[in-house]
Amino acid sequence: FPALWDSQLIIKDVHFDGVPVRIYLPREPSASKRRGVIFIHGGCGIFGSISKELKEKIICRFIARKSDSVVVSVGYHLAPEHKYPSQTLECLAATEHFLKTADTYGVDPARIIVSGDSVGGTFTATVCQELGQRTDIPKIRAQVLIYPFLQALNFNLPSHQKNAAVPFLSRERTVHYILKYLNKDCSLKEPILAASHVPEHIHLKYRKWINPDLIPDVFKQGYKPPPPAVFLPQVHEAVPELFKPRVSPLLAEDAALCGLPDTCIVTCEHDVLRDDGLLYKKRLEDNNIRVTWHHVEKGFH
């Protein structure tokens, strides 16, 4: 669908380094350069669009109007037709292009944030990790992660147990969509839910970062530790992508986190992914990254 006319905004469909984007520019002239906001929509990498999704258009218009910012909505191509990791690569390319050409749109390149919801939060975290060490482009000012998906090792955290059957994103559906996104056999869902895809040495390596003990007690009411998983090598070998930071940004080494910008994390109480956000918040704070956290007690994914 084409961009619609708006009395307060100029809305244009263009391409950034070959990636479709929709730009929302305030019509009123500005005495100084504006802020820039990159918005990466959710949808598990297999749903969503910059043009068809009413939610994304409302969000982007709202941000542009209320903050007097230039908003760029990234229209990455969807899996499985466009195979992983093309979605991440397109988000990286669009972000880098905007950082380099911000002046063209009246934007201060030192005041650009990257934001996204759900898997858009995953892509946002990856973009900031991979561009954070670059010295040839402007630094991203901040990242906003709205109920992000951040790890695929443990689907038995307190929030997974509590919200296992909550619509729209149940625990089982989460893994189902991940497998669809990666173009994997969905019969792998049950062993992955049971953590049979994780060998003991990886459990030991990452338990310092992915561990129910790191979740505040207020979020662990009723939690029961699951029985030990039976490791299945064939399942592990079928899903190596799950152990890469581009799918599980929470597994990135500390060196990749030290260059991150100021961060805002939004979590929702009735969301299987709540604890991903809580664990990433702790990791960033442990690496001296300034984090603002908003928790929506009655919120859903």
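Before reading further, recall that the structure is shown in the block above.
Here the structure is a predicted model, which is why all the values come from computation and not from measurement.

**Considerations on the overall build of the protein chain**
On a plain count of helices and strands, the protein chain comes out with ten helices and eight strands. Its C-alpha atoms give the protein chain principal-axis dimensions of roughly 60 × 40 × 40 Å. A buried classification covers 55% of the 301 residues belonging to the protein chain. Pairs at least 24 residues apart make up 75% of the contacts formed inside the protein chain by residues separated by at least 6 positions. Approximately 13600 Å² of the protein chain is accessible, and the part contributed by carbon and sulfur atoms is 56%. With 37 positive and 33 negative side-chain charges, the protein chain shows a separation of 3 Å between the mean positions of the two kinds.

**Things to note about the pairing of strand β2 (residues 19-26)**
A large share of β2 lies buried, amounting to eight of its eight residues. Both strand β1 (residues 9-16) and β2 contribute to a ladder of eight bridges, which runs antiparallel. From the neighbouring strand, Ile11 faces β2, where its bridge partner is Tyr24. A loop of two residues connects β1 with β2, the two strands running antiparallel in sequence, and Asp17 in this loop sits at a positive phi of about 55 degrees. Of the strand pairs in this sheet, β2 and strand β4 (residues 69-74) are connected by four bridges, and their pairing is antiparallel.

**Brief notes about helix α5 (residues 171-181)**
All of the buried residues along α5 are Arg171, Thr174, Val175, Tyr177, Ile178, Leu179 and Tyr181. Its buried side turned inward, α5 meets α2 (86-101), α3 (119-131), α4 (158-162) and α6 (189-193). Directly beyond the C-terminal end of α5, a positive phi value near 60 degrees is found at Asn183.

**A short note on the pattern of salt bridges**
Throughout the structure, instances matching the rule amount to 21 salt bridges. The salt bridge involving Asp6 is made with Arg61; its shortest N-O contact spans 2.7 Å. A residue pair is termed long-range when its members are at least 10 positions apart, and Asp6 in the segment before β1 and Arg61 in helix α1 (residues 54-67) qualify at 55 residues. Arg61 sits in the buried class, given a relative accessible area of 14%. The salt bridge involving Glu285 is made with Lys281; its shortest N-O contact spans 3.2 Å. In this pair, Glu285 and Lys281 are both assigned in helix α10 (residues 274-286), four residues apart and thus about one turn of the helix distant. When salt bridges with common partners are traced through the structure, they connect Glu96, Lys100, Arg134 and Asp136 into a single cluster.

**Thoughts on the environment of Trp293**
Within the secondary structure, Trp293 sits in strand β8 (residues 291-300). Residue Trp293 is classed as partly exposed on the basis of its relative accessible area of 31%. Along the backbone, Trp293 and Ile265 are 28 residues apart, and their C-alpha atoms lie at a distance of 4.9 Å. Setting aside residues up to four positions removed in sequence, Trp293 forms contacts with Phe219, Ile265, Thr267, Leu278 and Lys281. Side-chain polar atoms of Trp293 contact the side chain of Thr267, separated by 2.9 Å.

**Side note on unusual backbone geometry**
Between Tyr84 and the following residue, Pro85, the backbone shows a cis peptide bond with an omega angle of 5 degrees. Among the structural elements, Pro85 can be located in the loop between β4 and α2. With an omega dihedral of 0 degrees, the bond running from Pro167 to Phe168 counts as a cis peptide bond. Relative to the assigned elements, Phe168 resides in the loop between α4 and α5.

**A closer look at the sheet that holds strand β6 (residues 142-146)**
Taken together, eight strands build an open sheet; the order of strands is β1-β2-β4-β3-β5-β6-β7-β8 and the sheet is mixed. Edge strands, defined here as strands with exactly one partner in the open sheet, are β1 and β8. The sheet shows a mean angle of 20 degrees between the axes of neighbouring strands, direction not considered. Contacting β3 (34-40), β5 (107-117) and β6, α3 runs over the sheet at an angle of about 140 degrees to β5. Where α10 meets the sheet, it contacts β6, β7 (262-270) and β8, and its direction lies at approximately 150 degrees from that of β7.

**So, the packing of α2 against α3**
Packing of α2 against α3 leaves a shortest axis separation of 10 Å and a crossing angle of 60 degrees. Taken together, the axes of α2 and α3 are oblique relative to one another. Considering only the axes of α2 and α3, their crossing is right-handed. In contact with Gln87, Thr88, Cys91, Leu92, Thr95, Glu96 and Leu99 of α2, α3 contributes Phe123, Thr126, Val127, Glu130 and Leu131. Residue classes in the contact of α2 with α3 are distributed as six nonpolar, four polar and two charged.

**Some thoughts on the packing of aromatic side chains**
Between two aromatic rings, the relevant description is the distance of the centres plus the angle of the planes. Summed over the entire model, instances satisfying the criterion amount to ten aromatic pairs. When the ring of Phe16 is compared with that of Phe98, the centres are 6.0 Å apart and the planes differ by 20 degrees; the resulting orientation is stacked. Highlighted residues: Phe16 in strand β1 and Phe98 in helix α2, separated in sequence by 82 residues. Under the relative-accessibility criterion, Phe16 is labelled buried at 0%. Among the aromatic residues, those joined into a ring-pair cluster are Tyr76, Tyr84, Phe123 and Tyr181. Across the ring face of Trp209, the terminal group of Arg283 is positioned such that the distance to the ring centre comes to 3.4 Å.

Cut-off values and rules
Residues numbered from 1 in each chain as written. Predicted model: local features only at pLDDT ≥ 70, side-chain atom pairs only at ≥ 80, totals over all residues. Heavy atoms only, no water. Helix = DSSP H or I, 4+ residues; strand = E, 2+ residues; numbered from the N terminus. Buried < 20%, exposed > 50% of the residue type's maximum accessible area, 1.4 Å probe, protein only. Contact = heavy atoms within 4.5 Å. Areas by Shrake-Rupley, 256 points an atom, 1.4 Å probe, with all protein chains shown as cover. Lys, Arg positive; Asp, Glu negative; His and termini not counted. Charge placed at Lys NZ, Arg CZ, Asp CG, Glu CD. Pairing = 2+ DSSP bridges. Salt bridge = Lys/Arg side-chain N within 4 Å of Asp/Glu carboxyl O. Polar contact = N/O pair within 3.5 Å; in protein donor to acceptor, adjacent residues only side chain to side chain. Axes fitted to C-alpha atoms, helices over the stretch in contact; angles between N-to-C directions. Parallel < 35°, antiparallel > 145°, perpendicular 65-115°, else oblique. Left-handed = near helix turned anticlockwise from the far one by under 90°. Nonpolar A, V, L, I, M, F, W, Y, C, P; charged D, E, K, R; others polar. Phe/Tyr/Trp six-rings, centres within 6.5 Å; stacked < 30°, edge-to-face > 60°. Lys NZ or Arg CZ within 6 Å of the ring centre and 35° of its normal.

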